[in-house]
Amino acid sequence: MASKHSFETSWADQWDPQPLYIHPIAPDTGKPALKLSGKFEEKLDKVKVVASIGVDKVKTGAAVGLHWIKDKYKKATHK
């Protein structure tokens, strides 16, 4: 079994026709330059949309919860 930080290709990498990453060599530095494939960029855009929707839901839920707590406190103190 390969370790977590193994540089070997996994089963999915061997059978996927389009890798998520493309590692060309940058001409000016000679070091590998990271370019993302279109497949990865599409998935990243989807993740961003889902994350922003989740943040909006959390904000809305927190606001509703705080209003509920305020209402309960007001009712308890005005008896």
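About the criteria used
- Residues numbered from 1 in each chain as written.
- Predicted model: local features only at pLDDT ≥ 70, side-chain atom pairs only at ≥ 80, totals over all residues.
- Heavy atoms only, no water.
- Helix = DSSP H or I, 4+ residues; strand = E, 2+ residues; numbered from the N terminus.
- Buried < 20%, exposed > 50% of the residue type's maximum accessible area, 1.4 Å probe, protein only.
- pLDDT = per-residue confidence, 0-100.
- Patch = residues over 30% accessible without salt bridge, like charges linked within 9 Å, V, L, I, M, F, W, Y side chains within 5 Å.
- Areas by Shrake-Rupley, 256 points an atom, 1.4 Å probe, with all protein chains shown as cover.
- Salt bridge = Lys/Arg side-chain N within 4 Å of Asp/Glu carboxyl O.

Asks: Looking at this structure, I do not really get the overall build of the protein chain. What am I missing?
Replies: Assigned secondary structure in the protein chain consists of two helices and two strands. Listing the helices and strands of the protein chain from first to last along the sequence gives α-β-β-α. For the protein chain, with 79 residues in total, the buried portion stands at 3%.

Asks: Can you walk me through the confidence of the model for the protein chain in this structure?
Replies: For the protein chain, the mean per-residue pLDDT works out to 76, and 53% of the residues sit at or above 70. Mean pLDDT in the protein chain bottoms out at strand β1 (residues 21-22), which sits at 59, and peaks at helix α2 (residues 38-77), which reaches 91.

Asks: Any chance you could explain a nonpolar patch on the surface here in plain terms?
Replies: Among the surface-exposed residues, L66, W68 and I69 lie close enough to one another that they form a single nonpolar patch of about 360 Å² accessible area. As for its placement among the helices and strands, L66 is situated in helix α2. Exposure remark for L66: the relative accessible area of 54% places this residue in the exposed category.

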